[in-house]
Each structure stands twice: as structure tokens, then as C-alpha cells.
Amino acid sequence: MGIAISLSAKAGDAFLPPFVHRLSPAVGLSPFCAPAGGILQAERTAVLTADWRRGASRLLAALEEAGAAIIVPPAEGEFPRERLPFAEGRRLAQLFAFAGAAEALRRQGRNPEESAFLLAGGEPHIWGRVLSSLGNEVNRLAIFTQEPETAEGVVQRLYAERGLMAEVFSSPKNAALGAADVVLSCGMEQRAYEHILKRGCIWLDFAGNRPVLRRLRSLRPDISAAEGFFFRMAAEGGEQAEGRLAEARAYLGCEAFREGFSAEDWDGERLFSALQEKGFAVSGFSAFGKRVKIKPHPDKKP
């Protein structure tokens, strides 16, 4: 099984069948180019040498010149990033965070309106992105942060715009941590407080904190833990795509998302609405590049 990096077509072009180039990292890489895009594969067990990396950089340069717009990287592993933008799926996942959380709850047979949501860790700019899809069904929200003062602006805006009162706390002893039905992890903290989390809760990571995600999936089998979504795209005939590919397609097909892709400050609600109009909707959940299921709630009666 190889590591694949898909290089998509330039904006406005149709998605064409990709070219595939297999390589031996020991001998380097001869770059190729194509107007539509391509896939670069390397064996997982191989050592990526300096020659391989130089060759990969030449390949990216050639594809950029040929009109490639964005890279779909492997779920794990490194690749030169000095040229084109990378579709890691995280931006799209952040925009659809609460929409995805509500879908996960419904799959457990629970009502989002009656559930408690928790933002854990992170900073205001990440919270702003994650709150982009906050719907009217959210009635209970808390923010767990070691710097409560940084959340003041977010809390004031939520109350002014939505009438939603959010609790902010910094101690893991606060009852809100153990009461959360959904935890939206937004930071790189080294602890998941897995011994405190509510039985059968949902943990969604939006910061790329894979050490905590792995530990949580290992120690708490009752918890449904994911780091991204699968998306159904109406423009693609209802086809489903894992978050990285969906993000690349959003980049190509949605001008607003493309323009805001590398910006620090997002108008997240506008981007979320624009992508909804394009037919993007959460259709599944992923971790480490693979589809994962939302587990039935352990206390839910059949």
C-alpha cells in the first residue's frame, strides 16, 4: 500500500483521471507534468531520502507550472510544502464543526438541542472558525481554556448575536468537562482528560492533535473519536469524498473558500453558507485518513 499525493486540476477545470507515478526513493524522482494533475506514490516502508525530496520538489514545481492548484497530501507522512497550498481537510472540517457534531449526535439517536457542547483548548481565531456552523439547535455551550480572558470576546459575541450564554472555565474539576456530550478539541494540549470525559461522548479533533486522539481511541472505547469528515457534494452527483479531497474540490469550485483559504481572519459564516449552497454536507467521519463510525451510545436502549 502506497502513500498517495493527488495533485488537482487548476481552478475551473473538470476533475480528470489522475496520472500515477511510482518511484523508488533510493533513486530519486524524475519530475513529470500534466495539465490535469497527477498522483505521486511512495512505499510506506521506504525511507524518503534527500534525493527523493529534491525530486518531489521538482515535481511540484513542474505541476505548478502546468496549472495544478492544490495538493491533497497523504493522511500521514511528510512532503515538501514550499510551493502549492495543501488540502489537509482541516479548514473544511473546522467550518463544518458544529454541523458535523450535530450529525454525530443524531446518529447516536440523541437530540442536539438537548446536548452539551464543549470547546476544549485553542485560541479565539480557531474558535471563530469552529463556530462558523453553530446552529440554532445549540443551547448549551462551554469553553475550557487555560486563559479564560481570551474567550471574553467570543462569549460576548455569542450572547449579542444569538442570545447564547457560554460558560468559560479553566479547571478540569469543573463539572462542565465531564458533562459534555460533544467535545470539539481546538488545541494541542497534551491531555484529553480521558478519565473525566462523559461515557459515550463524541470527541472531534480540529487541531491535528493525533497523540491525544490515539490515546483516547485506545483508552476509551466507549467514546466516538474522529478528526475529520466525509462530505457529500451535490455538484459531484452526490458523490462522497474524504475531507482532504473534499477540501481540494471546495478550493477549486468555491471562489469564496479559495480566496479565504490562507487568510488568518475568516468570515466563517459566509464561507459555510457558500459551501452549503454548493451542496457540501457532512456524510461521515474520519480518523487517520480512514472512515470511522459513530458508535451507538452505550446507555441508549435498543
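That block above? That's the structure.
Note that the coordinates shown come from a computational prediction; the quantities given were computed from them, not determined experimentally.

*Asks:* Please provide a residue-by-residue account of the overall build of the protein, values included.
*Replies:* Each helix and strand counted, the protein has 10 helices and 14 strands in total. By the burial criterion, 52% of the 302 residues in the protein qualify as buried. Nonlocal contacts in the protein, meaning residues at least 24 apart in sequence, comprise 64% of its contacts between residues at least 6 apart. Counting only carbon and sulfur atoms, one obtains 49% of the accessible surface of the protein, whose full area is about 14,300 Å².

*Asks:* Give a detailed account of the pattern of salt bridges, specifying residues and quantitative values.
*Replies:* Counted according to the given criterion, the structure contains 13 salt bridges. Here arginine 215 makes a salt bridge to glutamate 194, at a shortest N to O gap of 3.5 Å. With a gap of 21 residues between them, arginine 215 in helix H7 (residues 210-219) and glutamate 194 in the loop between strand S8 (182-185) and strand S9 (202-205) connect regions that are remote in the sequence. Judged by relative accessible area, which is 28%, arginine 215 ranks as partly exposed. Exposure remark for glutamate 194: the relative accessible area of 17% places this residue in the buried category. Arginine 249 is paired through a salt bridge with glutamate 239; the nearest N and O atoms lie 3.2 Å apart. Of the two residues, arginine 249 is situated in helix H8 (residues 243-253) and glutamate 239 in strand S12 (residues 239-242); the sequence distance between them amounts to 10 residues. Three or more residues joined by partner-sharing salt bridges are found here, namely Glu103, Arg106 and Arg107.

*Asks:* Run through the environment of glycine 268, naming residues and quoting values.
*Replies:* For glycine 268, the position within the fold is in helix H10 (residues 268-277). The exposure class of glycine 268 is buried, given its relative accessible area of 8%. Separated by 173 residues in sequence, glycine 268 and leucine 95 place their C-alpha atoms 6.5 Å apart. In this view, glycine 268 contacts Leu95 and Ser132; residues no more than four positions away in its chain are not counted.

*Asks:* Describe in detail unusual backbone geometry, supporting the description with residues and values.
*Replies:* Here phenylalanine 288, not a glycine, exhibits a phi torsion of approximately 55°, which is positive. Among the structural elements, phenylalanine 288 can be located in the loop between strand S13 (280-287) and strand S14 (290-292). Residue phenylalanine 288 is classed as buried on the basis of its relative accessible area, which comes to 18%.

*Asks:* Please provide a residue-by-residue account of the packing of aromatic side chains, values included.
*Replies:* Summed over the entire model, instances satisfying the criterion amount to 10 aromatic pairs. Ring-pair connections join several aromatic residues into one group, and the members of that group are Phe96, Phe206, Phe229, Phe231, Phe272 and Phe285. Positioned above the aromatic ring of phenylalanine 261, the side-chain terminus of arginine 91 is 4.0 Å from the ring centre. Cation over ring: arginine 129 sits above tryptophan 266, and NZ or CZ is 4.1 Å from the ring centre.

*Asks:* Provide a residue-level description of H8, including the pertinent values.
*Replies:* Burial within H8 is extensive, with 9 of its 11 residues counted as buried. Within the span of H8, buried status applies to Gly243, Arg244, Ala246, Glu247, Ala248, Arg249, Ala250, Tyr251 and Leu252.

*Asks:* Residue-level account of a negative patch on the surface, with values.
*Replies:* The grouping of Glu123, Glu147, Glu149 and Glu152 at the surface amounts to a negative patch. With respect to the helices, strands and loops of the structure, glutamate 149 is situated in the loop between strand S6 (140-144) and helix H5 (152-162).

*Asks:* Before we move on, can you summarise the nonpolar core with the specific residues and values?
*Replies:* Counting residues in each nonpolar core, the largest one holds 80 residues, and the members touching the most others are Phe96, Phe98, Leu119, Leu141 and Trp203. Discounting chain neighbours no more than four positions away, the residues touching tryptophan 203 are Val183, Ser185, Ala192, Leu197, Val212, Leu213, Leu216, Ile223, Ser224, Ala225 and Ala226. Among the nonpolar cores identified, the runner-up in size contains 7 residues, and Leu60, Leu63, Ala68 and Leu84 belong to it.

*Asks:* Outline the sheet that holds S14, listing residues and values.
*Replies:* Strand order in the open sheet made by the 4 strands is S12-S11-S13-S14, with antiparallel pairing throughout. Since the sheet does not close on itself, it has two edges, and those belong to S12 and S14, each with one partner. Averaged over all adjacent pairs, the angle separating strand axes in this sheet is 45°, with direction ignored. Both S13 and S14 contribute to a ladder of 3 bridges, which runs antiparallel. By the bridge assignment for S14, serine 286 is matched with arginine 291.

Cut-off values and rules
- Residues numbered from 1 in each chain as written.
- Predicted model: local features only at pLDDT ≥ 70, side-chain atom pairs only at ≥ 80, totals over all residues.
- Heavy atoms only, no water.
- Helix = DSSP H or I, 4+ residues; strand = E, 2+ residues; numbered from the N terminus.
- Buried < 20%, exposed > 50% of the residue type's maximum accessible area, 1.4 Å probe, protein only.
- Contact = heavy atoms within 4.5 Å.
- Areas by Shrake-Rupley, 256 points an atom, 1.4 Å probe, with all protein chains shown as cover.
- Salt bridge = Lys/Arg side-chain N within 4 Å of Asp/Glu carboxyl O.
- Phe/Tyr/Trp six-rings, centres within 6.5 Å; stacked < 30°, edge-to-face > 60°.
- Lys NZ or Arg CZ within 6 Å of the ring centre and 35° of its normal.
- Patch = residues over 30% accessible without salt bridge, like charges linked within 9 Å, V, L, I, M, F, W, Y side chains within 5 Å.
- Lys, Arg positive; Asp, Glu negative; His and termini not counted.
- Charge placed at Lys NZ, Arg CZ, Asp CG, Glu CD.
- Core = buried A, V, L, I, M, F, W, Y, C linked by side-chain atoms within 4.5 Å.
- Pairing = 2+ DSSP bridges.
- Axes fitted to C-alpha atoms, helices over the stretch in contact; angles between N-to-C directions.

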